[in-house]
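A closer look at the structure
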Amino acid sequence: MIRLILCALWAFNAMLFSLPVHLHFKHMIKKDPMKGWSKANPFVRGFFRKLLFLAGTKVTVRGQENIPKDTAILFVGNHRSWFDIIILHTLVDVPLGFISKKEFSNTPLLSPYQRDIGCVFIDRDNPREAIKTINQGTEQMKLGLSLGLYPEGTRNHKDTLLPFREGGYKMAERSKSPIILVAMSNQDNIFENNKFHFIKKTHVTVEFSEPVNPSELSVQEKRAYYADIPNRLTRMLEDQKTWDK
């Protein structure tokens, strides 16, 4: 209960008093998108790190050395919690936005943070609008912004992954950027799995795969790689159960 109150108070106050900062970033992004996202990134990362500290979240991570710093990256991960984005953002030292549901585009206090870092909002129920979102994400990646993608489309608390939607992979392919898989375990025990949704001290494990650039693969190799992404993530998640915590 105490952790929930501390996190809620920190989030509310930080979001409320940072409104002038959001306006500054909004102006910067209009003039020079990549410069604006780059300036906003450490600001938002600091906010997320404080939130994880107050939540009592410990993170064990492997494979950070696989993340290049000289190119945009499409991070593809399993999706179990609201904390997926928060944790991933604190571990990646490059400007990073996310593909987010359109319902979050006007969320009070939260949506300015999302826009600061270049999040792209998708309507998964409207194929025509979803294509526009993928095109927008592609253009942002061409500018140098990395994006996080959760192909399951919704938070999943089952032991097996939901079917993956492969359309988002085109953003990496068309921008000639690598894909890095992100396997994350135990993150839904911070909040979603708890009675009354209290925030609980939790140990989360995260692993980054080696990068694969789809634009460098043949058509057959690309299809095989895309189809195998859920299996690769599943193997990474299974392997995390053996980690020494």
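From a predicted model like this one, the values you see are computed outputs, not experimental measurements.

Of regular secondary structure, the protein possesses 8 helices and 7 strands. Expected size for 245 residues packed as a compact globule is a radius of gyration near 18 Å; at 17 Å, the protein falls within 12% of this value. Along the first, second and third principal axes, the C-alpha atoms of the protein reach 55 × 50 × 35 Å. Sorting the 245 residues of the protein into buried and exposed places 51% on the buried side. If you take every contact in the protein between residues at least 6 apart in sequence, the share linking residues at least 24 apart comes to 76%. In the structure as shown, the protein presents an accessible area of about 12,600 Å², 56% of it carried by carbon and sulfur atoms. Between the averaged position of the 35 positive side-chain charges in the protein and that of its 25 negative side-chain charges there is a distance of 6 Å.

Turning next to the packing of aromatic side chains. All told, the structure shown has 7 aromatic pairs when counted by the stated rule. With a centroid separation of 5.6 Å and 45° between ring planes, the pair formed by Phe47 and Phe48 is classed as tilted. Comparing Phe47 with Phe48, the two get one shared label, buried. Plain terms: the ring middles of Phe47 and Tyr113 are 4.6 Å apart, the flat faces sit at 25° to each other, and that makes the pair stacked. Taken together, the residues span a long stretch of sequence, with Phe47 in helix α3 (residues 33-55) and Tyr113 in helix α5 (residues 111-116) at a distance of 66 residues. Grouping aromatic residues by their ring pairs yields a cluster made of Phe25, Phe43, Phe47, Phe48 and Tyr113.

The next subject is the sheet that holds strand β4 (residues 120-122). Taken in spatial order, the 7 strands make up an open sheet running β1-β7-β6-β2-β5-β3-β4, and their pairing is mixed. The sheet is open, and its two borders are formed by β1 (57-62) and β4, each paired with just one other strand. Across this sheet, the average inter-strand angle for adjacent strands is 25°, counted without regard to direction. Sheet topology note: the strand β2 (residues 74-77)/strand β5 (residues 146-149) ladder contains 3 bridges and is parallel. Among the inter-strand pairings, Leu74 is bridged to a residue of β5, identified as Leu147. Helix-sheet contacts for helix α6 (residues 127-143) involve β2, β4 and β5, and the interaxial angle to β4 is about 165°.

Side chains bearing opposite charge may pair, as long as their charged atoms lie close to each other. Taken as a whole, this structure holds 12 salt bridges when the rule is applied. Where Asp228 meets Arg235, a salt bridge forms, and the shortest distance between an N and an O atom there is 3.5 Å. On the basis of relative accessible area, Asp228 is assigned to the partly exposed category, the value being 21%. Measuring nitrogen to oxygen at the nearest pair gives 3.1 Å for the salt bridge that ties Glu238 to Lys241. When its relative accessible area of 41% is taken as the criterion, Glu238 is described as partly exposed. In this structure, a network of salt bridges that share partners links the residues Arg45, Lys69 and Asp93.

Another point: empty space enclosed by the protein. Going through the model one piece at a time under the given rule, you end up with 1 cavity of 30 Å³ or more. Taken as a whole, the largest cavity spans an internal volume of roughly 30 Å³. Looking at the largest cavity, the residues that line it are Gly77, Asn78, Asp84, Tyr150, Val182 and Met184.

For Pro151, the location among the structural elements is in the loop between β5 and α7 (170-175). A relative accessible area of 0% places Pro151 in the buried class. When the C-alpha positions of Pro151 and Tyr169 are compared, they lie 9.0 Å apart, and in sequence the two are 18 residues distant. Beyond its immediate chain neighbours, meaning those up to four positions away, Pro151 contacts Val76, Gly77, Pro163, Phe164, Arg165 and Tyr169.

Let's shift gears to the environment of Glu152. Looking at the element boundaries, Glu152 is found in the loop between β5 and α7. In the structure, Glu152 is positioned 13 residues away from Arg165 in sequence and 6.6 Å away in space, judged by C-alpha atoms. Residues within four places of Glu152 in sequence aside, it is in contact with Asn78, His79, Leu161, Leu162, Pro163 and Phe164. Within the local environment of Glu152, its side chain forms a polar contact with the backbone nitrogen of His79, the two atoms lying 2.9 Å apart.

The rules behind these values
Residue numbers here run from 1 along each chain, matching the order of that chain's written sequence. Reporting in this predicted model follows two pLDDT cut-offs: at least 70 for local features of residues, and 80 or more for side-chain atom pairs to be given and counted; totals over whole chains, interfaces and linings ignore these cut-offs and use all residues. By convention in this description, side-chain values take in all heavy atoms of the structure and omit both hydrogens and water. To qualify as a helix, a DSSP run of H or I must reach at least 4 residues; to qualify as a strand, a run of E must reach at least 2; elements of each kind are numbered from the N terminus. A radius of gyration in this sense is built from C-alpha atoms; the matching globule rule multiplies 2.2 Å by the number of residues raised to 0.38. The rule is simple: take the accessible area with a 1.4 Å probe, protein chains only, and divide by the maximum for that residue type; under 20% is buried, over 50% is exposed, in between is partly exposed. The contact rule is simple, with two residues in contact once any of their heavy atoms fall within 4.5 Å. Note that accessible areas follow from Shrake-Rupley with a 1.4 Å probe, and for residues the cover is restricted to the protein chains shown. Here the positive residues are Lys and Arg and the negative ones are Asp and Glu; neither His nor the chain ends is included. The atoms used to mark charge sites are NZ of Lys, CZ of Arg, CG of Asp and CD of Glu. Centres within 6.5 Å are what make two rings of Phe, Tyr or Trp a pair, Trp counting through its six-membered ring; a difference in plane orientation under 30 degrees is then read as stacked, over 60 as edge-to-face, and the rest as tilted. Pairing between two strands is assigned when DSSP locates at least 2 bridges connecting them. Axis lines are fitted through C-alpha atoms, for helices just across the contact stretch, and the angle between N-to-C directions can take any value from 0 to 180 degrees. A pairing counts as a salt bridge when a side-chain nitrogen of Lys or Arg comes within 4 Å of a carboxyl oxygen of Asp or Glu. Think of a 1 Å grid over the protein atoms and nothing else: a 1.4 Å probe that fits but is trapped marks a cavity, an open set flanked by protein within 12 Å on at least five of seven lines marks a pocket, and residues with an atom within 4 Å of a point count as lining. Grid points are joined across faces, edges and corners, and a volume is the space filled by probe spheres set on the points. Under this definition, polar contacts are N or O atom pairs within 3.5 Å; protein pairs additionally need one hydrogen-donor-capable and one acceptor-capable atom, and for neighbouring residues in sequence, both atoms have to be side-chain atoms.

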